[in-house]
Amino acid sequence: MTHPINRAEETRRWWHEVLETYLEDRSEPLNDRYWSPMDTWSRDRIRAVQDEKIAAVAPFLYENSGFYRRRFDRLGIAPTDLHSVDSLLANWPVVTKQEMMEDAIANPPFGTYTTCGDAEWADRGWMHFSSSGSTGVPRVFRYTHFDRRFWEQANARALYSGGLRKGDIAFPMVGFGPHVFAWGVQYTLAKMNLPVIPGGGMDAKARAHHIERFKPTTLVCTPSYAFYLGGVMKEMGLDPAASSVKWMVTGGEPFSGVEGTIEKLQDLWGAKAVEFYGCTEASPHCGGYSCPEYQAGDENFVHLMEDIQVWETVDPDSLTPVPMGERGLTVCTNLNSESSPQLRFLVGDYTRLSDAPCACGRNHLKGMGCMTGRSDDLINLRGIKFFPVQIEEAVRAVKGTGDEFQIRLKTLDDGLDVMTVLIEHADAAAGEAVTREIRSRCEIRCAVEVVAPNSLPKSEMKAKRVYDERNKG
Ligand SMILES: [Zn+2]
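Residues numbered from 1 in each chain as written. Predicted model: local features only at pLDDT ≥ 70, side-chain atom pairs only at ≥ 80, totals over all residues. Heavy atoms only, no water.

### Looking at the environment of Ser440
Assignment of secondary structure puts Ser440 in helix H13 (residues 430-442). The exposed category is assigned to Ser440, whose relative accessible area is 54%. When the C-alpha atoms of Ser440 and Ala394 are compared, they prove to be 8.7 Å apart, with 46 residues separating the residues in sequence. Within the structure, Ser440 has its side chain in polar contact with the backbone oxygen of Glu437 (distance 3.1 Å). (Helix = DSSP H or I, 4+ residues; strand = E, 2+ residues; numbered from the N terminus. Buried < 20%, exposed > 50% of the residue type's maximum accessible area, 1.4 Å probe, protein only. Polar contact = N/O pair within 3.5 Å; in protein donor to acceptor, adjacent residues only side chain to side chain.)

In structure tokens:
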């Protein structure tokens, strides 16, 4: 009988070997269109590599994660039962944040859902990140320098696909927090030999002055912040659209699928917005990303990097796969990490997948309409369900409304739950137009209150737009 410690090491060695087989160490692109040859792999080739990785990662997870071992045993599945995408989808139920949170509570402070233990952390620990979820205990993820090399390549493929080239100068405007987006981009820019002007620790006016004086081409921030900064520049008498900025690399919030929002931001800056989509748990580097064609058709989309991850969509109630092209919640199997290679993790954003070929030459799946709201953010008002982004679309559809808005939910004395949407507009009559837009998009009646332009608080980082003060229970 093999000693369990050895099995843990043996499976880790195998998993490392498989990962290393597909690791590139590029600081330069393959050519003027693609960073990596994997960008244009055929769908058959992608599937074969996914199968190979699943066969190696299942035993690795069984031997190195208490959370996974207990789940395999409870389901009566052997690690060898999972050896391909098909067998994974047939045998392994979706993993939810709730399950991870329970594990984190039972096994503080790290939980047992990752495969970076104290030994790996001491030997090659890179960074400690936290999930950005708005509810419950934070789930933490420790990643290693082994992982970092894989992040750099995945993110470089995404940034290059979005349009960044030699000569670009990045200006990341982010705090020093445990969030995967900014750190991943920072390390990747270094790998790509692109210069960086650090933009943390200063207020918006100082950042505006930096843009004017030092002429970065690329902002790295949340979409809310790009709106905010553009507004501050205008107040200072500067024109963001006349600035040196050509690209906005955005992440952290649903964005490019929100009708009207991306156009508004691109107009404000006279620059192209490209998106990074992922999550701390299973797609810490870029999972979804923009290509040169992503705004060319009827609806925007993001590609999903499939040689390193398996992406699928599931029904929100049964959590079983929906057919290609039908709306469902995103699920990611991460096959690109020694620290957090999750199997079928419910990321939980709504999208529709398409495997139709893309004019950019990438054969990786597309999330059509991009990502429009995490299921956790769903608002249920008197039984009618909708996302804050649908309200945002309604607000954006009316000309002259300010960038900020608020959704306020409360319970009246008679027990009725009601919603008031606050918008900024110079003309009080705009409220009626927004009311009509909301009714047509969400089929809900609500009050719209018009306040003076620039009177709502600006969001510096992630926008807080929903204030739920309803009586619970
Ligand atoms: Zn494309």
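Structure's up, so let's keep going.
### Regarding the coordination of the zinc ion
Every protein donor of the zinc ion is listed here as Cys291 (SG), His303 (NE2), Cys358 (SG) and Cys360 (SG), and their distances to the metal cover 2.1 to 2.3 Å. Counting residues between consecutive donors of the zinc ion along the chain gives the motif C-x11-H-x54-C-x1-C. Cys360 shares its class with Cys358; the two are buried. (Donors = N, O, S within 2.8 Å, 3.2 Å for Na, K, Ca; no water.)

### With respect to the sheet that holds strand E16 (residues 417-424)
By way of backbone hydrogen bonds, the strands of a sheet pair with one another, either parallel or antiparallel. The sheet built from four strands is open, its strands ordered E17-E16-E15-E18 with mixed pairing. Looking at strand neighbours, the two that pair on one side only are strand E17 (447-451) and strand E18 (466-469), the edges of this open sheet. Ignoring which end each strand starts from, the neighbouring axes of this sheet average 20 degrees apart. Sheet analysis places E16 next to E17, joined by five bridges and oriented parallel. Considered in E17, the bridge of Glu424 is made with Val451. In the packing of helix H12 (residues 388-396) onto the sheet, contacts are made with strand E15 (405-411), E16 and E18, and the angle to E15 comes to roughly 130 degrees. Running at roughly 145 degrees to E17, H13 makes contact with E16 and E17 of the sheet. (Pairing = 2+ DSSP bridges. Axes fitted to C-alpha atoms, helices over the stretch in contact; angles between N-to-C directions. Contact = heavy atoms within 4.5 Å.)

### Notes on the nonpolar core
Residues Ile211, Leu219, Met248, Val249, Trp269 and Phe276 are the most contacted members of the largest nonpolar core, which totals 51 residues. Of all the elements, helix H10 (residues 223-235) adds the most residues to this core, at seven residues. Apart from residues lying up to four places away in sequence, Trp269 is in contact with Ile211, Leu219, Ala226, Leu229, Gly230, Met233, Pro240, Ala241, Ser243, Val245 and Met248. Of all hydrophobic cores here, the second largest spans 49 residues; its members include Leu23, Leu88, Met127 and Trp151. (Core = buried A, V, L, I, M, F, W, Y, C linked by side-chain atoms within 4.5 Å.)

### Looking at the side chain of Gln266
Structurally, Gln266 is set in helix H11 (residues 261-269). Within the structure, the side chain of Gln266 is placed 2.9 Å from the backbone nitrogen of Ala273, a separation counted as a polar contact. Within polar-contact distance, the side chain of Gln266 engages the side chain of Gln295 at 3.5 Å.

### Quick notes on the pattern of salt bridges
Tallied over the entire structure, the rule returns 31 salt bridges. The partner of Arg396 in a salt bridge is Glu392, with the nearest N and O atoms 3.1 Å apart. Of this pair, Arg396 and Glu392 both sit in helix H12, four residues apart, which is roughly one turn of that helix. You can call Glu392 buried: its relative accessible area is 7%. Between Glu404 and Arg465 there is a salt bridge, with its nearest N and O atoms 3.7 Å apart. Taken as a pair, Glu404 in the loop between H12 and E15 and Arg465 in the loop between E17 and E18 lie far apart in primary sequence, 61 residues in all. Here Glu404 matches Arg465 in class, with each residue buried. Where salt bridges share partners, they join Arg12, Glu120, Asp123, Arg124 and Glu338 into one cluster. (Salt bridge = Lys/Arg side-chain N within 4 Å of Asp/Glu carboxyl O.)

### Remarks on the environment of Thr351
In this structure, Thr351 sits in strand E11 (residues 345-354). By relative accessible area, which is 2% here, Thr351 ends up buried. Here the alpha-carbon distance between Thr351 and Asn471, two residues 120 residues apart in the chain, equals 31 Å. Contact partners of Thr351, with chain neighbours within four places excluded, come to Thr313, Glu326, Arg327, Gly328, Thr330, Gly367, Met368, Cys370 and Met371. A polar contact is formed between the side chain of Thr351 and the backbone oxygen of Met368, at a distance of 3.2 Å.

### Structural notes on the domain arrangement of the protein
Here the domain parsing of the protein yields domain 1 (1-375) and domain 2 (379-469). On a C-alpha basis, the centroid separation for the pair domain 1 and domain 2 is 30 Å. (Domains from an automatic or database assignment.)

### Points about helix H7 (residues 145-162)
If you check H7, its first and last C-alpha atoms are 25 Å apart, about what 18 residues at 1.5 Å a residue would give, namely 26 Å. The element H7 is extensively covered by neighbouring structure, given that 16 of its 18 residues are classed as buried. Gly163 sits one or two positions beyond H7 and adopts a positive phi of about 130 degrees. (Expected span 1.5 Å × (residues − 1).)

### Comments concerning the sheet that holds strand E9 (residues 309-314)
Read from one edge of the open sheet, 10 strands run E3-E4-E5-E6-E7-E8-E12-E11-E10-E9, paired in mixed fashion. Of all the strands in the sheet, the pair left with one neighbour each is strand E3 (170-172) and E9. Each strand axis lies, on average, 40 degrees off the axis of its neighbour in the sheet, ignoring direction. Across the sheet, H7 touches strand E5 (247-250), strand E6 (272-279) and strand E7 (283-289), and the angle it forms with E7 is around 25 degrees.

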